[in-house]
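A look at the structure
Residues per chain, in single letters:
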Amino acid sequence: MYLIDLYLEELSKVRDQKTIEKKRYLLMHLEELRDFPKRELFEFYEKLRQRLSHGSALDVLREVRLFYEWLRERGYRYEFSEQAFKELKKKKEFENRARKYFTEEEVEEILSYIRTKPKPFVYYLLCVVLLSSGLRISEALSLKRDDFKERSLITEKGEERSVFVVKVKGKFAKEREVPLVLWRREWYEVIRKQLDSLKEGQAFFTYSLRFPKSVKLLTLSRDAVYRFFYDLSKELGIEVHPHRFRYTYAVWLAMKNIPPNVLKEWLGHSSVRTTLEVYAQAQKEKVLDLIANL
């Protein structure tokens, strides 16, 4: 766009090339020059969120604001509503603080997306384990085949059901046992299949890469996981961070009225106060759901 090129050309006299390229990328999302009354600003933000994270969407709006200031200084009549921008930031930042966990729709979007990509299936497996156990990422990546035990339970209907329990070494080498809450039946089959493919003592998140003349066994690393979730966040426009899976597990169980002292042990919290914060969040969500359905 001609005016954007002029803007960046002028800035290039006082800013380095890396900064100019970043600004060019941000302004690339501005499809057409227009005023931003409150309604359109919110609509533009929501459109950006279809492909960007919350932080990146705000970065685009900040850059658009600077660009519009430059235009006004040169006599162009383009307005950017500062009040609307402040209201949007306040509203969205409140929503982000209020909901650190994933919705069921976001979980479905994340898992469906991973399964369609040519990435090792082990990343899908990792998300399933994190959602089912609430483990910290370091705890999950340290799991071995032998840490998984299968137990049979009898349901209220008298049916026999298999449950996985994992032995975890948490902070300060403190061990605990955590049952996997498999929200979907298919997740049981996913974990069962992985266990059957491993040898005794092998890391649980071991996977194979096939080459023309060989097969190489690899184990997920912390750096690879964070890089994968970073790319996934950009692709989906959802902030995907390992700890959000843990928080999701905690809130979902709190909403199912699992006793705080039990959830505290499963999560490995040092104090029940931390666990009660999760319950406070769960209660807020119940109230919001109630209001939404009035």
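Residues numbered from 1 in each chain as written. Predicted model: local features only at pLDDT ≥ 70, side-chain atom pairs only at ≥ 80, totals over all residues. Heavy atoms only, no water.

1. Focus on the overall build of the protein chain
- A count of helical and extended segments in the protein chain gives 13 helices and 5 strands.
- For the protein chain, the proportion of its 294 residues judged to be buried stands at 43%.
- Sequence separation of 24 or more characterises 59% of the internal contacts of the protein chain that already satisfy a separation of 6 or more. (Helix = DSSP H or I, 4+ residues; strand = E, 2+ residues; numbered from the N terminus. Buried < 20%, exposed > 50% of the residue type's maximum accessible area, 1.4 Å probe, protein only. Contact = heavy atoms within 4.5 Å.)

2. Some details on the side chain of Gln 202
- With respect to the helices and strands, the residue Gln 202 is situated in the loop between helix 9 (185–197) and strand 4 (206–210).
- Exposure remark for Gln 202: the relative accessible area of 19% places this residue in the buried category.
- When near neighbours in sequence (up to four residues on either side) are disregarded, Gln 202 contacts Lys 144, Arg 145 and Leu 217.

3. Here's the deal with the environment of Trp 187
- Here Trp 187 lies in helix 9.
- Spatially, the C-alpha atoms of Trp 187 and Leu 125 are 8.5 Å apart, while their sequence positions differ by 62 residues.
- Apart from the residues lying within four places of it in its own chain, the contact partners of Trp 187 are Leu 111, Tyr 124, Val 128, Leu 131, Ser 132 and Leu 182.

4. Concerning the pattern of salt bridges
- For the structure on display, the rule yields 15 salt bridges.
- With its nearest N and O atoms 3.3 Å apart, the salt bridge here joins Arg 74 to Glu 73.
- The class for Arg 74 is partly exposed, based on a relative accessible area of 36%.
- Close ionic contact of Asp 196 with Arg 192 constitutes a salt bridge, the shortest N to O distance being 3.2 Å. In this pair, Asp 196 and Arg 192 are both assigned in helix 9, 4 residues apart and thus about one turn of the helix distant.
- Since its relative accessible area comes to 54%, Asp 196 is described here as exposed.
- Connected through salt bridges with shared partners, the residues Glu 10, Glu 73 and Arg 74 form a single ionic network. (Salt bridge = Lys/Arg side-chain N within 4 Å of Asp/Glu carboxyl O.)

5. Looking at the environment of Ala 250
- Note on placement: Ala 250 falls in helix 11 (residues 242–255).
- The class of Ala 250 is buried, set by a relative accessible area of 2%.
- For the pair Ala 250 and Ala 282, spaced 32 residues apart in the sequence, the C-alpha separation amounts to 8.9 Å.
- Discounting chain neighbours no more than four positions away, the residues touching Ala 250 are Leu 263, Leu 267 and Val 278.

6. Thoughts on the packing of aromatic side chains
- All told, the structure shown has 15 aromatic pairs when counted by the stated rule.
- Seen in terms of ring centroids, Phe 148 and Phe 204 are 4.3 Å apart; in terms of plane orientation they differ by 25°. Their pairing is stacked. Taken together, the residues span a long stretch of sequence, with Phe 148 in strand 1 (residues 148–154) and Phe 204 in the loop between helix 9 and strand 4 at a distance of 56 residues.
- On the basis of relative accessibility, which here comes to 8%, the residue Phe 148 falls in the buried class.
- A ring pair is formed by Trp 183 and Trp 252, whose centres lie 5.2 Å apart and whose planes are at 85°; its orientation type is edge-to-face. (Phe/Tyr/Trp six-rings, centres within 6.5 Å; stacked < 30°, edge-to-face > 60°.)

7. Overview of the packing of helix 7 (residues 122–133) against helix 10 (residues 222–236)
- With their axes 12 Å apart at the nearest point, helix 7 and helix 10 run at an angle of 90° to one another. Taken as axis vectors, helix 7 and helix 10 run roughly perpendicular relative to one another. Each of Tyr 123, Leu 126 and Cys 127 in helix 7 lies in contact with helix 10, whose residues at this interface are Ala 224, Val 225, Phe 228 and Phe 229.
- When grouped by side-chain class, the residues that make up the contact of helix 7 with helix 10 number 7 nonpolar, no polar and no charged. (Axes fitted to C-alpha atoms, helices over the stretch in contact; angles between N-to-C directions. Parallel < 35°, antiparallel > 145°, perpendicular 65-115°, else oblique. Nonpolar A, V, L, I, M, F, W, Y, C, P; charged D, E, K, R; others polar.)

8. With respect to the pairing of strand 4
- Taken together, the 5 bridges between strand 4 and strand 5 (residues 215–219) define a ladder with antiparallel strand orientation. Looking across to strand 5, one finds that Tyr 207 is bridged to Leu 218.
- Between strand 4 and strand 5, which pair antiparallel and follow one another directly, the connecting turn spans 4 residues. (Pairing = 2+ DSSP bridges.)

9. Digging into the sheet that holds strand 3 (residues 175–179)
- Read from one edge of the open sheet, 3 strands run 1-2-3, paired in antiparallel fashion. Two strands in the sheet have a free side with no partner beyond their single neighbour: strand 1 and strand 3. This sheet shows a mean twist of 30° between the axes of neighbouring strands, independent of strand direction.
- Sheet topology places strand 1 next to strand 2 (residues 160–169); 7 bridges connect them, and they run antiparallel. Of the residues in strand 2, the one forming a bridge with Ile 154 is Glu 160.

From the geometry alone we can't say anything about function, so treat these as descriptive.
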